[in-house]
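# Summary of structural features
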Amino acid sequence: MSSPTTADAPAPTQDAAAPVATHTGKDGKGIRITEPAMKQLAALMQQQGNDKLLRVGVRSGGCSGMSYTMDFIDSAAIRDDDEHYIYEPDGAPSFRVVSDPKSLLYIYGMQLDFSSALIGGGFNFTNPNASQTCGCGSSFAV
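Notes on the structure follow. (Residues numbered from 1 in each chain as written. Predicted model: local features only at pLDDT ≥ 70, side-chain atom pairs only at ≥ 80, totals over all residues. Heavy atoms only, no water.)

## Section: the packing of aromatic side chains
Rules: Ring pairs shown here join Phe, Tyr and Trp side chains whose ring centres sit within 6.5 Å, with only the six-membered ring taken for Trp; geometry is labelled stacked below 30 degrees between planes, edge-to-face above 60, and tilted in between. Three labels apply to residues, based on accessible area from a 1.4 Å probe with only protein chains included: buried if under 20% of the type maximum, exposed if over 50%, partly exposed otherwise in between.
The final tally for this structure, using the stated rule, is three aromatic pairs. Ring plane angle 15° and centroid distance 5.8 Å describe the contact between Tyr-87 and Phe-95, whose orientation is recorded as stacked. Each member of the pair Tyr-87 and Phe-95 is classed as buried.

Here is the structure:
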């Protein structure tokens, strides 16, 4: 009896799209942020200087009814009812993300990604709560 050769063995298959690592706040909650977005946010946070944090939310408007907002704010601008999340990217200083309770109703479970593509690049939002999204990906409806 001869043993099978490597040519007889089935070739290993590879997934077309490898899963992207995502991060949540230090407490396991908050917006899910992919590794590319974590790197971009950490770099932007360092450019902003000390005592800044990222506010993520929603507002009325956009082509689908509601649009996402992201802004760097001073820590003095935190409201009493804001939810706070601490993110700790690998090899970069931790940073804080805040969101108001009303926005969290719409963005809970959302994933924030970043692409450096020339067309369609930038921050991208994937929201499981959205019933409809626009072509640009920055507005949605529930």
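## Structural notes on the pairing of strand S6 (residues 95-99)
Basically, it comes down to this: Numbering of helices and strands runs from the N terminus; a helix is a DSSP stretch of H or I covering at least four residues, while a strand is a stretch of E covering at least two. Strand pairing is assigned whenever DSSP identifies at least 2 bridges connecting the two strands.
The buried count for S6 comes to four of five residues, which makes it a mostly enclosed element. Sheet topology note: the strand S3 (residues 52-60)/S6 ladder contains two bridges and is parallel. Each residue of the ladder has a partner; that of Arg-55, found in S6, is Val-98. Two elements, strand S5 (residues 83-87) and S6, share five bridges in a ladder whose sense is antiparallel. Opposite His-84, over in S6, you have Val-98 as the bridge partner.

## Some points on the side chain of Asp-82
What counts is decided by this rule: Any N or O atom pair separated by 3.5 Å or less is treated as a polar contact, with the protein-specific requirement of one donor-capable and one acceptor-capable atom, and with residues adjacent in sequence counted only for side-chain atom pairs. Two residues form a contact once any of their heavy atoms are found within 4.5 Å.
Among the secondary structure elements, Asp-82 is positioned in the loop between strand S4 (66-74) and S5. A distance of 2.5 Å separates polar atoms of two side chains, one belonging to Asp-82 and the other to Arg-55. Among the polar contacts listed, one links the side chain of Asp-82 to the backbone nitrogen of Arg-79, at a separation of 2.9 Å. Ignoring anything within four residues of it in the chain, the contact list for Asp-82 reads Arg-55, Val-98, Ser-99 and Asp-100.

## Describing unusual backbone geometry
Even without being glycine, Asp-51 reaches a positive phi, approximately 65°. Along the chain, the position of Asp-51 falls in the loop between helix H1 (35-48) and S3.

## Focus: the sheet that holds strand S2 (residues 32-34)
Here four strands make up an open sheet; going across it, the order is S1-S2-S7-S8 and the pairing mixed. The sheet is open, and its two borders are formed by strand S1 (22-23) and strand S8 (122-126), each paired with just one other strand. Where S1 lies against S2, two bridges are found, and the strand directions are antiparallel. Within S2, the position partnered with His-23 by the bridge is Ile-33.

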